[in-house]
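Examination of the molecular architecture
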Amino acid sequence: EAEVAQSPRYKITEKSQAVAFWCDPISGHATLYWYRQILGQGPELLVQFQDESVVDDSQLPKDRFSAERLKGVDSTLKIQPAELGDSAMYLCASSPKIRTGDQYFGPGTRLLVL
Amino acid sequence: DQQVKQNSPSLSVQEGRISILNCDYTNSMFDYFLWYKKYPAEGPTFLISISSIKDKNEDGRFTVFLNKSAKHLSLHIVPSQPGDSAVYFCAAQTGTASKLTFGTGTRLQVTL
């Protein structure tokens, strides 16, 4: 069964450092999402891509976060500089087309900022 | 502003019994609802969904009920099994945006 791949699974960094997360969606899925899940809360959307274009980045803290999906396949989410409050699970999801609710999630990257 | 609410943070049910997880929403523009199951250290796994034009959708042991007038949906698991122990998230979507708005989750514990 096809899966969404994410790496690394865990990341520990010090505040003010740069971190990057990678996501490879299910083959053929045009829509890719990055969510952030803080402990005890549900996931919240950071950015949504349709192919290589950003569809929604209204909740992305653009002063420190950036995301790209250059060839419309895999994607990178970067934080620079990391802050203590960025400690969370970062989840990538993909879906076959833009208007479908059945999003498939990867295992996530757990980030701890010290 | 929490548009999707799961007011029960935890639920304990005996094996073989019915588990009922509840979810309320405030945004009347939501027209598609989903349930996800999440194990520790894993991403959420899609479980079942329902469109706002329906009031019930069933898939094996899982049934989702939607009451639009009350802005309420529920997930029924019958019979409950120990492997169902996980955190369950309710999520909602509007017709004009595909992002999911999640609730805070309910931790289900199925005991022997």
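Preceding this section is the structure that the text describes.
Read on for an overview of the structure. (Residues numbered from 1 in each chain as written. Chains lettered and ligands numbered in written order. Predicted model: local features only at pLDDT ≥ 70, side-chain atom pairs only at ≥ 80, totals over all residues. Heavy atoms only, no water.)

Details of the overall build of chain B
Counting its secondary structure elements, chain B contains 0 helices and 11 strands. Against the 2.2 N^0.38 benchmark of 13 Å for 112 residues, chain B shows a C-alpha radius of gyration of 13 Å, consistent with a compact globule. Within the span of chain B, comprising 112 residues, buried residues form 46% of the whole. Across chain B, the fraction of contacts at a sequence separation of at least 24, relative to all contacts at a separation of at least 6, is 54%. A total of about 5,400 Å² of accessible surface is found on chain B, and carbon and sulfur atoms cover 49% of it. Charged side chains of chain B number 11 positive and 9 negative; the gap between the two group centres comes to 3 Å. (Helix = DSSP H or I, 4+ residues; strand = E, 2+ residues; numbered from the N terminus. Rg over C-alpha atoms; globule rule 2.2 N^0.38 Å. Buried < 20%, exposed > 50% of the residue type's maximum accessible area, 1.4 Å probe, protein only. Contact = heavy atoms within 4.5 Å. Areas by Shrake-Rupley, 256 points an atom, 1.4 Å probe, with all protein chains shown as cover. Lys, Arg positive; Asp, Glu negative; His and termini not counted. Charge placed at Lys NZ, Arg CZ, Asp CG, Glu CD.)

Observations concerning the interface of chain B and chain A
The partner chain A presents 23 residues to the 21 residues of chain B that form the contact. Of the roughly 1,600 Å² buried where chain B meets chain A, counting both sides, 51% is carbon and sulfur surface. There are 0 salt bridges connecting chain B and chain A. Between chain B and chain A we count 3 residue pairs in polar contact (both at pLDDT 80 or more) in total. Breaking the side of chain B that touches chain A down by element, the ones donating at least two residues are β4 (30-38), β5 (45-51), β9 (86-94) and β10 (97-102) of chain B. For the side of chain B that touches chain A, the element with the most residues is β4 of chain B, which contributes 5 residues. Residue classes in the side of chain B that touches chain A are distributed as 9 nonpolar, 8 polar and 4 charged. (Buried area = accessible area lost by both parts, 1.4 Å probe. Salt bridge = Lys/Arg side-chain N within 4 Å of Asp/Glu carboxyl O. Polar contact = N/O pair within 3.5 Å; in protein donor to acceptor, adjacent residues only side chain to side chain. Nonpolar A, V, L, I, M, F, W, Y, C, P; charged D, E, K, R; others polar.)

Observations regarding empty space enclosed by the protein
Tallying each qualifying case throughout the model produces 1 cavity of 30 Å³ or more. Considering only enclosed or pocket space, the largest cavity measures out at about 30 Å³ in volume. The wall of the largest cavity is formed by Arg-9, Tyr-10, Met-89, Pro-107, Gly-108 and Arg-110 of chain A together with Ala-41 of chain B. (1 Å grid on protein atoms, 1.4 Å probe; cavity = no way out; pocket = protein on both sides within 12 Å on 5 of 7 lines; lining within 4 Å. Points joined across faces, edges and corners; volume = space filled by probe spheres on them.)

A closer look at a nonpolar patch on the surface
Together, Ile-12, Leu-112 and Leu-114 of chain A give the surface a local cluster of nonpolar side chains, amounting to about 300 Å² of exposed area. Tracing the backbone through its elements, the reader meets Ile-12 of chain A in strand β2 (residues 10-13). (Patch = residues over 30% accessible without salt bridge, like charges linked within 9 Å, V, L, I, M, F, W, Y side chains within 5 Å.)

A look at the pattern of salt bridges
Residue and element names in this part refer to chain A. Using the criterion set out here, one finds 5 salt bridges over all chains in the structure. Measuring nitrogen to oxygen at the nearest pair gives 3.8 Å for the salt bridge that ties Lys-62 to Asp-57. Residue classification places Lys-62 among the partly exposed positions, given a relative accessible area of 49%. For the salt bridge of Asp-86 with Arg-64, the shortest nitrogen-to-oxygen distance reads 2.6 Å. Remark: Arg-64 occurs in the loop between β6 (53-56) and β7 (65-68) and Asp-86 occurs in the loop between β8 (75-79) and β9 (88-95); sequence separation between them is 22 residues. On the basis of relative accessible area, Asp-86 is assigned to the buried category, the value being 2%. Assessed through its relative accessible area of 12%, Arg-64 is described here as buried.

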